[in-house]
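# Analysis of the macromolecular model
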Amino acid sequence: MEINRDSISKFDEGNMFAILADFHNQVEIGIDAGQSIEKRSYDFENVVIGDMGGSAISGDILRSYLKQVGYKKQIFVNREYTLPNWVNEKTLIVASSYSGNTEETLQAYNEAIKITKNIICFTTGGELESLAISNGHQIVKMQSGMMPRCALAMSFFSILTAFLHLDIVSKNMSEDIELAIKDTYYNLKKSS
């Protein structure tokens, strides 16, 4: 059955159909964003991904996926204004906010800078980008122009690819993950 895009557009004011049909391109955009991060070494024992709403979903999926492929370090998705009380200088903080202005993420980031130097920010800009620049933290710049809840693939793949690029995940897992990324991208592209 052929889909009539003109009929859908009458009811789809947020352009959700086009965003979903373009899902495979988000995978590619996310991979490119994640690979753009400068190579640095992070000394850490656990990971906290600080995000809310749509951004938090990508953190949940990442945590679940990495656990399935044998990642041993704890990954915690934080949806609060404050960090868990066990966070210390050996925690890697991933501050993720599509807009860069998510109140909870910003407050947790400001708490994190007093505890650890291990901080990476994922955003399109906003206050988070400004803070990261002034504090010398790495930024993975995502493509703007979407509703945050629609940027799931871009968010997930940018973090996963950055983790690969920075050797945050071990070398023996890298090949499996890279193969999964390629398979996901090509299967989505083929089906669109």
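Below or above, wherever it landed, is the structure these notes cover. Predicted model only: the values in this text are computed from it and were never measured.

Moving on: the overall build of the chain. Counting its secondary structure elements, the chain contains eight helices and five strands. Here the chain, with 192 residues, has 46% of them falling under the buried criterion. Accessible surface, the chain as shown: approximately 10200 Å² in total, 50% of it carbon and sulfur.

This next bit is on the sheet that holds strand E4 (residues 119-123). Pairing in this open sheet of five strands is parallel, and the strands run E2-E1-E3-E4-E5 from one edge to the other. Lying at the two open borders of the sheet, with one neighbouring strand each, are strand E2 (74-78) and strand E5 (138-141). The mean inter-strand angle of the sheet, taken between neighbouring strand axes irrespective of direction, is 20°. Bridge analysis of strand E1 (residues 46-50) against E2 gives five bridges, and the strand direction is parallel. Counted as the bridge partner of Val48 is Phe76 from E2. Helix H6 (residues 126-135) contacts strand E3 (91-97), E4 and E5 of the sheet and is inclined by roughly 150° relative to E4.

Right, let's get into the packing of aromatic side chains. Using the criterion set out here, one finds three aromatic pairs in the structure. Geometrically, the ring pair formed by Phe76 and Trp86 is edge-to-face, given 5.8 Å between the ring centres and 85° between the ring planes. Of this pair, Phe76 sits in strand E2 while Trp86 sits in the loop between E2 and E3; the two residues are 10 residues apart in sequence, bridging distant segments of the chain. Overall, the relative accessible area of 30% leaves Phe76 in the partly exposed class. Judged by relative accessible area, Trp86 falls into the partly exposed class, the value being 30%. Measuring from centroid to centroid gives 4.8 Å for Phe156 and Phe157, while their planes differ by 85°, and the two rings are edge-to-face. The exposure class of Phe156 is buried, given its relative accessible area of 10%. Chaining the aromatic ring pairs together yields one cluster made of Tyr65, Phe156 and Phe157. Sitting over the face of the ring of Phe44, Lys73 holds its NZ or CZ atom 4.0 Å from the ring centroid.

Contact geometry of helix H5 (residues 103-112) with H6 gives a least axis separation of 10 Å together with a crossing angle of 15°. The angle between H5 and H6 places the two elements in the roughly parallel class. Handedness of the H5/H6 crossing: left-handed. Contacts from Leu106, Tyr109 and Asn110 of H5 reach H6 at Glu127, Leu128, Leu131, Ala132 and Asn135. When the residues that make up the contact of H5 with H6 are grouped by side-chain class, the tally is five nonpolar, two polar and one charged.

Rules used throughout
- Residues numbered from 1 in each chain as written.
- Predicted model: local features only at pLDDT ≥ 70, side-chain atom pairs only at ≥ 80, totals over all residues.
- Heavy atoms only, no water.
- Helix = DSSP H or I, 4+ residues; strand = E, 2+ residues; numbered from the N terminus.
- Buried < 20%, exposed > 50% of the residue type's maximum accessible area, 1.4 Å probe, protein only.
- Areas by Shrake-Rupley, 256 points an atom, 1.4 Å probe, with all protein chains shown as cover.
- Pairing = 2+ DSSP bridges.
- Axes fitted to C-alpha atoms, helices over the stretch in contact; angles between N-to-C directions.
- Contact = heavy atoms within 4.5 Å.
- Phe/Tyr/Trp six-rings, centres within 6.5 Å; stacked < 30°, edge-to-face > 60°.
- Lys NZ or Arg CZ within 6 Å of the ring centre and 35° of its normal.
- Parallel < 35°, antiparallel > 145°, perpendicular 65-115°, else oblique.
- Left-handed = near helix turned anticlockwise from the far one by under 90°.
- Nonpolar A, V, L, I, M, F, W, Y, C, P; charged D, E, K, R; others polar.

Honestly, that's just the spatial picture; any functional story needs more than this.
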